[in-house]
Amino acid sequence: MRLRNLMEGAALPSHTPAKDYVHYQHNDAFSLCRWTAKESYQFMYSRPWQRVNCFYLELVNGRRTLSELFPKEKHAIHDTDRTLDVYNYPSASLPNEQRTGRWARLTFKIILSYHGYSFDGWQKQPGLNTVQGLIENSLGVFIDEKKALQLKEKNLPRDGCAVVAGRTDKGVSALGQVCSFYTWRKEVEAEDIMEAINDSAPGKLRVTSVSQVSREFHPNFSAKWRRYLYIFPLNHEYRDREAFKSEKNDFCGDNCLDDQSGMQTGCKPLNFEVSRVSQLLLHLEGKLLSFRMFARDTKASRSIGPPTECFIFHARAAEAYLPCSEEETKSKIMCVELVADRFLRKMVRVLVATAIREAAAGADEDMLLQLMGATCRRATAPPAPPDGLCLVDVGYTEFDRKVCLI
């Protein structure tokens, strides 16, 4: 027994130092003014997001357009539906009644908009109210009898199969989400599909276009670019630092620079310049970069699986005001517009949060590029709230900067 106790005591270390998982330890000149992960999270989520959610709901229902954010911009889009009118892949040359074999099936391209706050994301999950679940349930009446019999034998619900251009997280809205559906029933019309989906969740989900395309069309693999818009409220309900102190969010402390550094004394900065955010993002344009440090829920090292390189076509930020009625006060916002050939999981939200954090700290303009070489994802900020994110559209032709809002 004594020998056993000695062996167990030798196996256990005398002192195991506790690991610090609070935030990444930056070593640049701005590390003392940079928010920690907790501070960044609190700064983002303390914003009045309800107005943004209401604006997205009005966009989904067609009562507002994105052009109202920048009505005087030269290249501002004029109508949401016009932007969504992207290239349709041509149907097969043979008429429907002459097609045989694998060419006999009909493929439909569906463009839809939905309010992210009203759903639990796109991905179909048991017991959750998801966009894919509602759409596939609506498409179940259009599947052929052979497919219906197979589902019945497996005790599965009679649902259609919808392939999407990109899955959105819970709380993320969309104005131009693209999905496809195919069936061997020749009598199915595009108008019938539109009516069935629109009846599934009125006011929260709306189909803007349904068209028949070639069977080679794939919403994800055929896409050449995707455009996201993030709306960040600038009217803060906690305007002074005393309010932050009362909330005990530790924004103020002794670990800040002095007056000689040009920063605020005794406190970390609580404000940022929108132009600074735009300058940080501008350094990403026209480059093929690995965004593994800005991704979440994916492996940081991609030795196995798809790569993490993304090509950014457009990355800008600008101030604007949310459209409001005469009774409401204007809400000042920052709009971040990102266009790329592909996006990783939560990449847009991490980019926005990190750019805001670096702008507030007064970091160098190429700081986002410097963070690409980090070895720990805690070097970037936690993802910004999903309430502000919206998938504007998906493009199947070469990118044209004239479609951009900013």
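Residues numbered from 1 in each chain as written. Predicted model: local features only at pLDDT ≥ 70, side-chain atom pairs only at ≥ 80, totals over all residues. Heavy atoms only, no water.

## Focus: the overall build of the protein chain
For the protein chain, the count of helices and strands is 11 helices and 9 strands. Scored against the burial criterion, the 406 residues of the protein chain give a buried share of 49%. Once local pairs closer than 6 in sequence are excluded, the contacts in the protein chain between residues at least 24 apart make up 77%. Working note: accessible area of the protein chain is about 20700 Å², and carbon and sulfur atoms make up 50% of it. (Helix = DSSP H or I, 4+ residues; strand = E, 2+ residues; numbered from the N terminus. Buried < 20%, exposed > 50% of the residue type's maximum accessible area, 1.4 Å probe, protein only. Contact = heavy atoms within 4.5 Å. Areas by Shrake-Rupley, 256 points an atom, 1.4 Å probe, with all protein chains shown as cover.)

## Some details on the packing of aromatic side chains
For any pair of aromatic rings, the description consists of the separation of the ring centres together with the inter-plane angle of the planes. All told, the structure shown has 17 aromatic pairs when counted by the stated rule. Aromatic side chains Tyr41 and Tyr45 sit 4.3 Å apart centroid to centroid with 25 degrees between the ring planes, which places their arrangement in the stacked category. With a gap of 4 residues between them, Tyr41 and Tyr45 both fall in helix H2 (residues 37–45), about one helical turn apart. Classification of Tyr41 by relative accessible area gives partly exposed; the value is 44%. (Phe/Tyr/Trp six-rings, centres within 6.5 Å; stacked < 30°, edge-to-face > 60°.)

## Some thoughts on the environment of His283
Structurally, His283 can be placed in the loop between helix H9 (274–282) and strand E6 (288–290). With 85 residues separating them along the chain, His283 and Leu368 place their C-alpha atoms 7.9 Å apart. Of note is the side chain of His283, whose polar atom sits 3.4 Å from the side chain of Glu365. (Polar contact = N/O pair within 3.5 Å; in protein donor to acceptor, adjacent residues only side chain to side chain.)

## Details of the pairing of strand E9 (residues 389–395)
Counting buried residues in E9 gives 7 out of 7 residues, a clear majority hidden from the surface. Here 2 bridges tie strand E3 (residues 173–183) to E9, and the two strands are oriented parallel to one another. Across the sheet, residue Ser173 finds its bridge partner in E9, namely Cys390. Across 6 bridges, the pairing between strand E5 (residues 225–233) and E9 is antiparallel. Bridge pairing in E9 places Trp225 opposite Gly395. (Pairing = 2+ DSSP bridges.)

## Some words on the packing of helix H5 (residues 131–139) against helix H7 (residues 190–198)
Geometrically, a packed helix pair is captured by the angle between its two axes and the distance between the axes. Viewed as axis vectors pointing N to C, H5 and H7 meet at an angle of 135 degrees, and their least axial separation amounts to 9 Å. Taken as axis vectors, H5 and H7 run oblique relative to one another. Relative to H7, the crossing made by H5 is right-handed. When H5 is examined against H7, the residues Ile135, Ser138 and Leu139 are found in contact with a partner set consisting of Ile193, Ala196 and Ile197. (Axes fitted to C-alpha atoms, helices over the stretch in contact; angles between N-to-C directions. Parallel < 35°, antiparallel > 145°, perpendicular 65-115°, else oblique. Left-handed = near helix turned anticlockwise from the far one by under 90°.)

## Things to note about the pattern of salt bridges
Evaluation of the coordinates by the stated rule reveals 20 salt bridges. Residue Glu365 pairs with Arg276 through a salt bridge whose shortest N-O separation is 3.9 Å. Taken together, the residues span a long stretch of sequence, with Glu365 in the loop between helix H10 (347–361) and helix H11 (367–371) and Arg276 in helix H9 at a distance of 89 residues. We classify Glu365 as partly exposed; its relative accessible area is 34%. For Arg401, the salt bridge goes to Glu285, with nearest N and O atoms at 3.8 Å. Separated by 116 residues along the polypeptide, Arg401 in the segment after E9 and Glu285 in the loop between H9 and E6 bring together distant segments of the chain. (Salt bridge = Lys/Arg side-chain N within 4 Å of Asp/Glu carboxyl O.)

## Some remarks on the nonpolar core
Among the nonpolar cores identified, the biggest contains 108 residues, and Leu69, Phe272 and Phe291 are the most heavily contacted of them. Tallying contributions element by element places H10 first for this core, with 11 residues. Looking at which domains feed residues into this core, each of domain 1 (37–48 + 226–235 + 268–399) and domain 2 (106–214) gives three or more. Apart from the residues lying within four places of it in its own chain, the contact partners of Phe272 are Phe43, Phe232, Leu234, Val277, Met334, Ile356, Ala359 and Ala360. (Core = buried A, V, L, I, M, F, W, Y, C linked by side-chain atoms within 4.5 Å. Domains from an automatic or database assignment.)

## A few points about the packing of H9 against H10
Two elements in contact, H9 and H10, have axes separated by 9 Å at closest approach and are oriented at 120 degrees. In terms of orientation, H9 and H10 fall into the oblique class. Where H9 crosses over H10, the two elements pack in a sense that is right-handed. Here Arg276, Val277, Leu280 and Leu281 of H9 come into contact with H10, specifically with Ala355, Ile356, Glu358 and Ala359. Of the residues contributing to the contact of H9 with H10, the split by class is 6 nonpolar, no polar and 2 charged. (Nonpolar A, V, L, I, M, F, W, Y, C, P; charged D, E, K, R; others polar.)

## Things to note about H2
Each α-helix winds once per 3.6 residues, and so residues spaced three or four apart point in a common direction. The complete set of buried residues in H2 reads Glu39, Ser40, Phe43 and Met44. Down the axis of H2, the sector holding all buried residues measures 130 degrees, keeping them to one side. Buried residues in H2 make contact with E5 and H10. (Arc of directions from axis to C-beta.)

## As for the pairing of strand E7 (residues 309–322)
Taken together, the 3 bridges between E6 and E7 define a ladder with antiparallel strand orientation. Within E7, the position partnered with Leu288 by the bridge is Phe311. Strand direction decides the pairing type here: E7 and strand E8 (residues 331–340), joined by 10 bridges, are antiparallel. Pairing of Glu319 across the sheet is with Met334, part of E8.

## Re the side chain of Ser40
Here Ser40 shows up in helix H2. For Ser40, a relative accessible area of 1% puts it in the buried group. Apart from the residues within four sequence positions on either side, Ser40 is in contact with Trp35, Ala381 and Pro382.

## Notes on the confidence of the model for the protein chain
Low-pLDDT portions of the prediction should not be read for the details of their coordinates. Per-residue confidence for the protein chain gives a mean pLDDT of 81; residues scoring 70 or more make up 76%. Mean pLDDT across the secondary structure elements of the protein chain bottoms out at helix H4 (residues 80–83), with 40, and peaks at E5, with 97. Segment residues 74–94 is flagged for pLDDT under 50; beyond a separation of four residues in sequence, or across chains, it makes 54 contacts in the model. (pLDDT = per-residue confidence, 0-100.)

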